Amino acid sequence: MNRVELADFLRRSRSRLNPSDVGLSAGPRRRTPGLRREEVAQLAGMSTDYYTRLEQRRGSHPSRQMLTALARALRLTDVERDHLFHLAGEEPPRAGASSGHVRPGLLMILDRLHDLPASVFSDWGEVLAQNAMAVALTGDYQGQNLIRRWFTDPTARLIAPPEHRAAHARAHVASLRAVAAARPDDPGPAALVAELRSASREFEELWATHEVVVDRPSPKRFVHPVVGVLDLDCEVLLGDGHDQQLIVHSARPGTETYERLELLRVIGLQDLTPEPGAYRP
């Protein structure tokens, strides 16, 4: 681990970003350009003290997960992300394998979507980034896998009405099978398949059907514990390489769902976690 070069690279990467570049408010006038250390730490999901120690050449060896979070927070390109890994004494994610690194172009769009729920997913269900509206709609699941949660956590299904849950389960399995076949050397999807075939009888039964294309309900219906049922249109923007997706949900003006989405934006990130039995038709 090259602490001197790592500290310098982090400082320079931080200084070139403005708060508006990452969806933050600039606030009072700043004495120096760039993001503050606490802002980078917030975006990366780490303590300010730990990030500060990295910039001061005193930090302990960051994990691969932490390096990925830093690359995302600092909006690094693939080449810059690989450089960050090398400075930390780690091998960058190999080509053809899932890295969890969100491309800056997708993050730039996500940062500018303030009034619509938007998230970046990998093609095998990893939640790579969410904006505040997405967290308000579904909860904070960044760093988790939606397919794993669907088949191992019963509360994950409360966001969908009962009549749609079977179709969602089939679609999750079909999409994961397609990805696993397309990238047989990628350890991420393969490990998830093995885990879920062992942990979930439902997953195993659906896996045996060998479906790879399943239509999802459209528009997509969400059941929120506070604002109620939302019938949202879903737009998908594929990243370069098609292994990442920016998914944006919206409602047509003048509809009841549009009013409920506006209410969700106003009440924001209060304690809106769905509770068991929260479904309201």
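All values reported here derive from a predicted model rather than from experimental measurement. (Residues numbered from 1 in each chain as written. Predicted model: local features only at pLDDT ≥ 70, side-chain atom pairs only at ≥ 80, totals over all residues. Heavy atoms only, no water.)

1. Some remarks on helix 3 (residues 48-55)
Considered for burial, the residues of helix 3 that qualify are Y50, Y51, T52, L54 and E55. Where helix 3 is buried, its residues meet helix 1 (3-15), helix 2 (37-44) and helix 4 (64-73). (Buried < 20%, exposed > 50% of the residue type's maximum accessible area, 1.4 Å probe, protein only. Helix = DSSP H or I, 4+ residues; strand = E, 2+ residues; numbered from the N terminus. Contact = heavy atoms within 4.5 Å.)

2. Concerning the packing of aromatic side chains
As enumerated under the stated definition, the model contains 2 aromatic pairs in all. Judged by centre distance (5.3 Å) and plane angle (85 degrees), the rings of F151 and F203 are edge-to-face. Highlighted residues: F151 in helix 8 (residues 146-152) and F203 in helix 11 (residues 201-207), separated in sequence by 52 residues. Residue class for F203 comes out buried when judged on its relative accessible area of 0%. The interplanar angle of 20 degrees and the centroid separation of 5.7 Å between the aromatic rings of F203 and W207 together place this pair among those described as stacked. On the criterion of helical spacing, the pair formed by F203 and W207 is a turn pair, its members being 4 residues apart in helix 11. Residue classification places W207 among the buried residues on the basis of a relative accessible area of 10%. Sitting over the ring of Y141, R149 keeps its end group 3.9 Å from the ring centre. The lysine or arginine in question, R177, covers the ring of W207, its NZ or CZ lying 3.9 Å from the ring centre. (Phe/Tyr/Trp six-rings, centres within 6.5 Å; stacked < 30°, edge-to-face > 60°. Lys NZ or Arg CZ within 6 Å of the ring centre and 35° of its normal.)

3. A look at a nonpolar patch on the surface
Together, M108, I109 and L237 make up an exposed nonpolar region whose accessible area comes to about 240 Å². If you trace the backbone, M108 turns up in helix 6 (residues 104-111). Looking at M108, the relative accessible area reads 45%, which means it is partly exposed. (Patch = residues over 30% accessible without salt bridge, like charges linked within 9 Å, V, L, I, M, F, W, Y side chains within 5 Å. Areas by Shrake-Rupley, 256 points an atom, 1.4 Å probe, with all protein chains shown as cover. Salt bridge = Lys/Arg side-chain N within 4 Å of Asp/Glu carboxyl O.)

4. A closer look at the confidence of the model for the protein chain
Taken as a whole, the protein chain shows an average pLDDT of 85; of its residues, 89% reach a score of 70 or greater. Counting interchain partners and residues more than four positions distant, the pLDDT-below-50 stretch residues 271-281 has 26 contacts. (pLDDT = per-residue confidence, 0-100.)

5. What to know about the side chain of D186
Considering the arrangement of structural elements, one finds D186 in the loop between helix 9 (162-182) and helix 10 (187-199). A distance of 3.1 Å separates the side chain of D186 from the backbone nitrogen of G188, its partner in a polar contact. (Polar contact = N/O pair within 3.5 Å; in protein donor to acceptor, adjacent residues only side chain to side chain.)

6. Looking at the environment of L246
For L246, the position within the fold is in strand 5 (residues 244-250). Along the primary structure L246 and V102 are separated by 144 residues, whereas in three dimensions their C-alpha atoms are 10.0 Å apart.

7. Some remarks on the environment of L146
Checked against the element boundaries, L146 lands in helix 8. Residue classification places L146 among the partly exposed residues on the basis of a relative accessible area of 26%. The spatial distance from the C-alpha of L146 to the C-alpha of G125 is 5.2 Å, given a sequence separation of 21 residues. Those residues in contact with L146, other than ones at most four positions away along the chain, are F121, G125 and V127.

8. Details of the sheet that holds strand 4 (residues 228-238)
Strand order in the open sheet formed by 5 strands is 2-1-5-4-3, and the pairing between neighbours is antiparallel. Across the chains shown, the open sheet's two edge strands, defined by having one partner strand only, are strand 2 (127-130) and strand 3 (220-224). Each adjacent strand pair in this sheet contributes to an overall mean axis angle of 30 degrees, direction not counted. Strand direction decides the pairing type here: strand 1 (residues 118-122) and strand 2, joined by 3 bridges, are antiparallel. What sits directly across from S119, in strand 2, is Q130. (Pairing = 2+ DSSP bridges. Axes fitted to C-alpha atoms, helices over the stretch in contact; angles between N-to-C directions.)

9. Comments concerning the nonpolar core
Where a protein is soluble and globular, its nonpolar side chains tend to be buried together. Counting residues in hydrophobic clusters, the biggest one holds 24 residues, and the most contacted among them are L10, M46, Y51, L70 and L84. Of all elements in the fold, only helix 1, helix 2, helix 3, helix 4 and helix 5 (78-87) reach the threshold of two or more residues within this core. It is helix 4 that provides the largest number of residues to this core, a total of 5 residues. Not counting chain neighbours up to four residues away, the residues in contact with Y51 comprise L10, R14, R37, V40, A41, M46 and L70. (Core = buried A, V, L, I, M, F, W, Y, C linked by side-chain atoms within 4.5 Å.)

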